[in-house]
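If you want the building blocks of each chain, they are given just below.
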Amino acid sequence: MSHQYFCFLFRPAVRKLTELSELRAAEGKNEVFFVIVTGENSSGELRQEYGNIAQTLMTTTYFYETDSKLASGNVPLKGWTTVAVFKDNKYFTFDETTSKSLKDWIEEEKMPSFPKISGGNFYQLIALKKPIVIAVVEQMPFRHTMDAAVEKIYDHVEEIATGQREKYHDKLSFGFVDGNEIVNHVFSEWIEVPAVVVYDPVQETYYISAETPQTITTESLQKFLDGILAGEVHGAGGKGWFRKAYKFFYSIAAYFYKMFSTQPILSSILLGLPLGILTIILVMMYTNDCTDNKEEDEGDDDSDHEKEE
């Protein structure tokens, strides 16, 4: 266990910020963090709830606390007690007047607006039960850069994810994947790179944009997303038994394809050896049956010949 991880694990659930330099340091080192701003007449219930949530999520998320004097002019204030999230180099505040609880709001806001999707955080996005807009790109190994065509797709999706928060934040989640392995597995279909796809985890349907790097614009992408939200664009997939059977056979085929494409010699040995042994066993069983039948036929012929004599 590294010293950095040890410190992270045993740090306080909510850290206090007493100086402006500490707030600036938090903004510089954390992609996302939460802060509660309290004053003399702050709500004790909201503060306690914030602390309880911090205890639950402290291993994955940073939580801070400061007072209104330090936060004034730096963090947008909303009443005597303000809970805010810092992400995308901006602050967004929790609105107590909505039907959304503080816990649900924090769960929704704890990732950047346009994160890199992996096998782990993909299920966190699914748990939000919102359609997920995914830019399928391919980063160059060891450089984390993209060619111009791929970067154009990436930039347009990121622009909507971070710049159209008011319009889409409550309706859609956004992210990007490096390569098409995750989307191929989820959709049970080969997705070309680059592409823009949308996955609805509630209906288990998916949508593939027809836009190419040459034709895509922010406006055309917005029209595609608006059509999905309005029900005007029909997706593929679903929860039917035929779809489940298709996904089962596709997963088997994809497994063998990946196995043979990455380790063809080893895969041939692992698959060919038991098949070869099984073939030999079947041939030997068939040969023995033929031999036994032949011996029985010869025995019957000898008996008939003796009777004739």
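The rules behind these values
Residues numbered from 1 in each chain as written. Predicted model: local features only at pLDDT ≥ 70, side-chain atom pairs only at ≥ 80, totals over all residues. Heavy atoms only, no water. Buried < 20%, exposed > 50% of the residue type's maximum accessible area, 1.4 Å probe, protein only. Helix = DSSP H or I, 4+ residues; strand = E, 2+ residues; numbered from the N terminus. Pairing = 2+ DSSP bridges. 1 Å grid on protein atoms, 1.4 Å probe; cavity = no way out; pocket = protein on both sides within 12 Å on 5 of 7 lines; lining within 4 Å. Points joined across faces, edges and corners; volume = space filled by probe spheres on them. Nonpolar A, V, L, I, M, F, W, Y, C, P; charged D, E, K, R; others polar.

The next point concerns the pairing of strand β4 (residues 82-87). Taking burial as the measure, the six residues of β4 include six buried ones, the bulk of the element. Of the two faces of β4, the one lined by T82, A84 and F86 and the one lined by V83, V85 and K87 are each fully buried. Pairing between strand β2 (residues 32-38) and β4: six bridges, direction antiparallel. Across the sheet, residue F33 finds its bridge partner in β4, namely F86. Note that β4 and strand β5 (residues 90-93) share four bridges and pair antiparallel. Its bridge partner being in β5, K87 is matched across the sheet by K90. Hairpin geometry of β4 and β5 is characterised by an intervening segment of two residues between the two adjacent antiparallel strands and by a positive phi of about 55 degrees at D88.

This paragraph deals with empty space enclosed by the protein. Using the criterion set out here, one finds two cavities of 30 Å³ or more in the structure. Each pocket or cavity is described by its volume, and for the largest cavity that value is around 180 Å³. P112, S113, H169, S173 and F174 are, among the 16 residues lining the largest cavity, the residues nearest its centre. Of all the secondary-structure elements, those providing two or more residues to the lining of the largest cavity are α8 (165-168) and β7 (173-178). Per-class residue counts for the lining of the largest cavity are nine nonpolar, three polar and four charged.

With omega at 0 degrees, the peptide bond leading from V193 into P194 counts as cis. Looking at the element boundaries, P194 is found in the loop between α9 (181-187) and β8 (195-200). Notably, K129 is not glycine yet its phi reads approximately 60 degrees, a positive angle. Mapped onto the elements of the fold, K129 is located in the loop between α6 (121-127) and β6 (132-137). You can call K129 exposed: its relative accessible area is 64%. Positive phi, normally seen in glycine, also occurs at E204, with a value near 60 degrees. On the basis of relative accessibility, which here comes to 32%, the residue E204 falls in the partly exposed class.

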